[in-house]
Each structure stands twice: as structure tokens, then as C-alpha cells.
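Residue-level structure breakdown
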Amino acid sequence: MSAPSSLDRQRHPTVRDLEKLGDAAVSALAAAGVERLLPDAASPYLLIAEHAGNVVPAPWRDLGLAEPYLGTHFAVDIGVDALTRRLSRTLRAPAVIARYSRLFLDYNRPADEWDFMRPDLGGIPVPDNVAVDAVDARLRKLVAWAPVERAIIEAAAGRRALISVHSFTPVMGGVKRNVDIGVLWREQSPFVTSVLKTLGVQGVEAGFSIGDNEPYDWRQAVGYTLNRHGLQQARPCLYLEVRNDLLADPETFERISRLLENAFATVAMSLWPQSAVAV
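Conventions used here
- Residues numbered from 1 in each chain as written.
- Predicted model: local features only at pLDDT ≥ 70, side-chain atom pairs only at ≥ 80, totals over all residues.
- Heavy atoms only, no water.
- Buried < 20%, exposed > 50% of the residue type's maximum accessible area, 1.4 Å probe, protein only.
- Helix = DSSP H or I, 4+ residues; strand = E, 2+ residues; numbered from the N terminus.
- Pairing = 2+ DSSP bridges.
- Right-handed = clockwise from strand over helix to strand, strands pointing away.
- Axes fitted to C-alpha atoms, helices over the stretch in contact; angles between N-to-C directions.
- Parallel < 35°, antiparallel > 145°, perpendicular 65-115°, else oblique.
- Left-handed = near helix turned anticlockwise from the far one by under 90°.
- Contact = heavy atoms within 4.5 Å.
- Salt bridge = Lys/Arg side-chain N within 4 Å of Asp/Glu carboxyl O.
- Core = buried A, V, L, I, M, F, W, Y, C linked by side-chain atoms within 4.5 Å.
- Phe/Tyr/Trp six-rings, centres within 6.5 Å; stacked < 30°, edge-to-face > 60°.

Turning to the pairing of strand E3 (residues 95-98), a few remarks are in order. Every second residue of E3 is oriented toward a common face, with Ala95 and Ile97 on one face and Val96 and Ala98 on the other, all of them buried. Across four bridges, the pairing between strand E1 (residues 34-37) and E3 is antiparallel. If you follow glutamate 35 over to E3, its bridge partner there is isoleucine 97. With helix H3 (residues 80-91) bridging strand E2 (residues 45-49) and its parallel neighbour E3, the resulting β-α-β unit is right-handed.

Pasting the structure below:
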């Protein structure tokens, strides 16, 4: 897959008439950018999938990229949409799913981070992210950031714990990751301790390696979503990371889904039995 050519760039120019988008168009784009599952469910959990979608809103013309780039892990957490829907359905837990690609705007990054609208894919430029002007940035926040922020605030009210669902590549920078499922935490809590213990036992029985702050260590990184809606609100929370090649295989997807369903149901029954669902 080669870098976008000058001809590609001409076919996908930076949108010059974004300021002409009317309020109705902006509202429609914002409404399409987020999906809420089971908002009235009584589960103690809220599931959040910030990187589940790979859509770029039509006025931004795929950011000047060829369509195959939007299927890569740079653009979307592969397998997370299906996994989040499965967990929501089985655990009877509400979920907030962001539909727009992390390349368009990465909700899980602070606005001042370089990859909030990342300009490259490991050295391959994202043409329309190289120099995002103020009008463009403001509109992206209106259609991709604000609706997700609002949905999480509303859905998190009354929940006992937040789970942000992600996937990771088995190899990064030439280094093989040696875990199958990672539990990322920044502040310890009975919830985090129970998840690590339960997944540690059940994961081994199911044949999967469980990482404690692996393959990423949240204590060494910034995660906007759970800093904002979890820790700052005194809600227990964790990032769940699953190796994306395992989610791509139907048989392994089924095994991982059952493991996670059983583990999180077990934790909920031990900590909040009045609102937990047995699976």
C-alpha cells in the first residue's frame, strides 16, 4: 500500500467550504457519530468503544486517503464493534459506540495531543490532517467529540464501573506483544483487583494470556476517556485491550467473548449483586 499520490491529493482536496455547513447538517452529522445501546439497562457497567468505527463524515472526503487505509488499525480498533455489542447484549449493559474513525478525531486523546487528529500513519501522511485549520477543528469537535462526550456523561450516571473496549496489534515496531488480553488501570480499586484476579484464573483455564497494564501501561500514558469520566468522577474504570487478530477469527472471537462475559459477570455478582446479570 503506497502513500497517497499528488493525483490522489487532488481528488481528495481539503474541504474549503466547511464553514458553509448549516446547523441542520452539523446536527445530522453529530447524530450519526455515536450509537447508544441498552441505555435503560440496570447493569453496574457502562461499556465505551471510542475506536469502534472507521467512518469519515462525507464532507471530509476520507481525509484524502484511499479507502483501504480506513480498514487498518490506524483508523479503527479491529473487532471492537462486534465485541462491544456482544458484551452489551450478554451482560445487559449500556454501551456508547463512537462511529467516526480515530483518524478523523480520536476521542480518547486530549485535544492538545498530536494524535487527536493524527497527521500520519506510521510515516504515511494523512493529507487532510497535516494542517487542520480552526474552522475544520471546530466542526470536527462538534460532530465527533461533543456527541460522544454528551452520550458518555448521560450513560455513566449511576454506573458503578466503566469499561473502555479496545484492540491492539500483535506486533508493534517489530516487537511481538506477549499477551492476548490486557487490563489497563491507573488507580487501583476493588473492581480492578477483582477483574485482574478473575480474568487471571479464568483466562489461564481458557488458554489466554492476561496482561496487567500490558501491552500498554496506563500509568505511563494519557487516556482522556477514563481520566475524564472515570477517575475524575471517582468511578472505578479500566481499559480492556484484546489482540485484534484473535477477534478476527470467528472461533477465537467466540472463546474470548465467553471468557470476558463470564469474568465480568462474576466480578459484578461479587461487588454489586443487586444489579448484576448472571451469564
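Bringing the packing of H3 against helix H8 (residues 250-271) into the picture now. The geometry of H3 relative to H8 is characterised by a closest axis approach of 10 Å and an angle of 45° between their N-to-C directions. Taken together, the axes of H3 and H8 lie oblique to each other. Of the two elements, H3 crosses H8, and the hand of that crossing is right-handed. Across the interface between the two elements, Ala82, Leu83, Arg86, Leu87, Thr90 and Leu91 from H3 touch Phe253, Glu254, Ser257, Arg258, Leu260, Glu261, Phe264 and Ala265 from H8.

Counting across every chain of the model gives 16 salt bridges. When the shortest N-O distance is used, the salt bridge between glutamate 35 and arginine 85 registers 2.7 Å. Residue glutamate 35 is found in strand E1, and its partner arginine 85 is found in helix H3; the two are separated by 50 residues along the sequence. Note on glutamate 35: relative accessible area 26%, which makes it partly exposed. With relative accessibility at 25%, the residue arginine 85 sits in the partly exposed group.

Ranked by internal contacts, the top residues of the largest apolar core, which has 39 residues, are Tyr45, Ile163, Phe191, Leu260 and Phe264. The element that contributes the greatest number of residues to this core is H8, accounting for nine residues. Discounting residues that sit within four places of it in the chain, phenylalanine 264 has contacts with Tyr45, Leu91, Ile163, Phe191, Val195, Leu238 and Leu240. Counting 22 residues, the second largest nonpolar core, distinct from the first, contains Leu18, Val56, Phe116 and Val143.

Each pair of aromatic rings is reported with the distance of its centres and the angle of its planes. Going through the model one piece at a time under the given rule, you end up with 10 aromatic pairs. Relative to phenylalanine 104, the ring of tryptophan 60 has its centre 4.9 Å away and its plane inclined at 75°; by these criteria the two rings are edge-to-face. Within this pair, whereas tryptophan 60 is found in the loop between E2 and H3, its partner phenylalanine 104 is found in the loop between E3 and strand E4 (120-121), the two being separated by 44 residues in sequence. We classify tryptophan 60 as buried; its relative accessible area is 2%. Its relative accessible area of 0% is what places phenylalanine 104 among the buried residues. Measuring from centroid to centroid gives 6.2 Å for tyrosine 107 and tryptophan 145, while their planes differ by 35°, and the two rings are tilted.

As far as function goes, none of this settles anything; it's purely spatial.
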